[in-house]
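Given next are the chains, with one letter for each unit.
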Amino acid sequence: MPLSRETKEKILDYILSGECPTYMLPVMRWRIQRRDPQICPTPTPGIWFLLGGRGSGKTWTASNYIYEFCATLPWVPENKEVYIGLVGASFEDVKHTMVEGKSGLLKVIPEDNLLAWNRTSGELKFSISDGENERMCYANAYTAERPDKLRGPNTSIIWVDEPAKFKDADVDPQKPSTTWSNLMGGLRSGTNPHVVVTGTPTKCRLIRYLDNHPKMRQTHMTTLENADNLPQSYLDELLRLPKNSPLYRQEVLGEIIYDNPDAMFKQDIIDKARWEPSTEDEELPILDDGEMFYKVLGYDPAASSAASADECGLILAGYTPEVKQSSGELGGRPIVIKPIHAYVLKDLSGHY
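Residues numbered from 1 in each chain as written. Predicted model: local features only at pLDDT ≥ 70, side-chain atom pairs only at ≥ 80, totals over all residues. Heavy atoms only, no water.

**Section: the pairing of strand 10 (residues 313–320)**
Point 1. Alignment of strand 9 (residues 294–300) against strand 10, held across seven bridges, turns out to be antiparallel. Bridged to Val296 within strand 10 is Ala317.
Point 2. Sheet topology places strand 10 next to strand 13 (residues 341–347); six bridges connect them, and they run antiparallel. Residue Leu316 lies in a different strand from strand 13, and its bridge partner there is Lys346. (Pairing = 2+ DSSP bridges. Helix = DSSP H or I, 4+ residues; strand = E, 2+ residues; numbered from the N terminus.)

**Focus: helix 2 (residues 25–33)**
Point 1. Buried within helix 2 are the following residues: Pro26, Val27, Met28 and Trp30.
Point 2. Tucked inside the fold, the buried residues of helix 2 contact helix 1 (5–16) and helix 3 (58–72). (Buried < 20%, exposed > 50% of the residue type's maximum accessible area, 1.4 Å probe, protein only. Contact = heavy atoms within 4.5 Å.)

**As for a negative patch on the surface**
Point 1. Taken together, the side chains of Asp300, Asp310, Glu311 and Asp347 make up a negatively charged region of the molecular surface.
Point 2. Mapping Glu311 onto the fold places it in the loop between strand 9 and strand 10.
Point 3. For Glu311, a relative accessible area of 37% translates into the label partly exposed. (Patch = residues over 30% accessible without salt bridge, like charges linked within 9 Å, V, L, I, M, F, W, Y side chains within 5 Å. Areas by Shrake-Rupley, 256 points an atom, 1.4 Å probe, with all protein chains shown as cover. Salt bridge = Lys/Arg side-chain N within 4 Å of Asp/Glu carboxyl O. Lys, Arg positive; Asp, Glu negative; His and termini not counted. Charge placed at Lys NZ, Arg CZ, Asp CG, Glu CD.)

**Section: the packing of helix 1 against helix 2**
Point 1. Look at helix 1 against helix 2: their axes get within 9 Å of each other, and the N-to-C directions meet at 150°. Here helix 1 lies roughly antiparallel to helix 2, going by the angle between them. As helix 1 runs across helix 2, the sense of the crossing is left-handed. Touching Lys8, Ile11, Leu12, Tyr14 and Ile15 of helix 1 are Leu25, Met28, Arg29, Arg31 and Ile32, all from helix 2.
Point 2. For the contact of helix 1 with helix 2, the class distribution of residues is seven nonpolar, no polar and three charged. (Axes fitted to C-alpha atoms, helices over the stretch in contact; angles between N-to-C directions. Parallel < 35°, antiparallel > 145°, perpendicular 65-115°, else oblique. Left-handed = near helix turned anticlockwise from the far one by under 90°. Nonpolar A, V, L, I, M, F, W, Y, C, P; charged D, E, K, R; others polar.)

**Regarding a nonpolar patch on the surface**
Point 1. Nonpolar side chains collect at one region of the surface, where Met292, Tyr294, Val296, Tyr319 and Ile340 lie side by side and expose about 450 Å² of accessible area between them.
Point 2. Look at Tyr294 and you get partly exposed, because its relative accessible area is 35%.

**Let's talk about the pattern of salt bridges**
Point 1. Throughout the structure, instances matching the rule amount to nine salt bridges.
Point 2. Close ionic contact of Glu68 with Arg34 constitutes a salt bridge, the shortest N to O distance being 3.5 Å. Residue Glu68 is located in helix 3, and its partner Arg34 is located in the loop between helix 2 and strand 1 (47–52); the two are separated by 34 residues in the primary sequence.
Point 3. According to the relative accessible area criterion, Glu68 is buried, its value standing at 8%.
Point 4. In this structure Arg34 comes out as buried when scored by relative accessible area, which is 11%.
Point 5. Between Glu92 and Lys95 there is a salt bridge whose closest N-O contact spans 3.8 Å. Separated by three residues within a single helix, Glu92 and Lys95 lie in helix 4 (residues 91–99), roughly one turn from each other.
Point 6. A relative accessible area of 10% means that Lys95 is categorised as buried.

What follows is the structure in structure tokens.
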């Protein structure tokens, strides 16, 4: 919930008074500085999906939120130890962005609270104490390159950064042994386990899944909202992009662009035209006696297999032929009594 100006002034007075415990100083400073979209919704959702353009402050938000979560948990036995999962596309992403980066966890955790950081194993350890109670916090790096490492460890909170970069981002997230299914299987420690997801919203299957998850709450911020903390040369380059282009909308405004604006068939048109089988076993529409049904495999290869390449189009479609009858008039055009109906039977498109 956004704080009023009066509340922020009281927090500032509390910090300046010297009465604020050392471990709570980062929390109090963050509560004064943060913008409304950088506040986690209440009640805390199972998945907080923080979408933002490049340079909008996503990493700084997540770093502060992780520390705030650890510092403000109730002092009950279940929270005596906090286990944090840091999940990125690669180990280098976790190390250089989420931990050591300009906006990483090491920039938030007070030096007196930091106990250890192992750059080789990706293990981070810090403590929080109010003088009477002490809480140990253990953060471990995990990657989409080795999703199997997420099987087994119990976690209290997980920070997922840039999920669209995961190597299995276009695989069904609910499929066994994906990065997402493995990390969710270990989220069972402490009194309030949940996931924080930060990312620039590149279109992929995982982003679509998160965008439609019933336990997800989304906040959204643009690059321009963080202009005061960015070099003018960087902003100038971004502002050169056409304002109605998908690149500007995605990278600056932080929008999820599912449809190509130049596409002939948009997603809402496809959704309205869906045909649902009447039984679970039925794969094809019921055909009239003697009616033919043709299957066609469409293949549109990508130019390369790089992560930035377009998807390889692989569609199995079926259609019924058009049925006509004579108009009965000399020279008259035939009458269409049954038009062509086309069906997408399977969409196997993806990055291969």
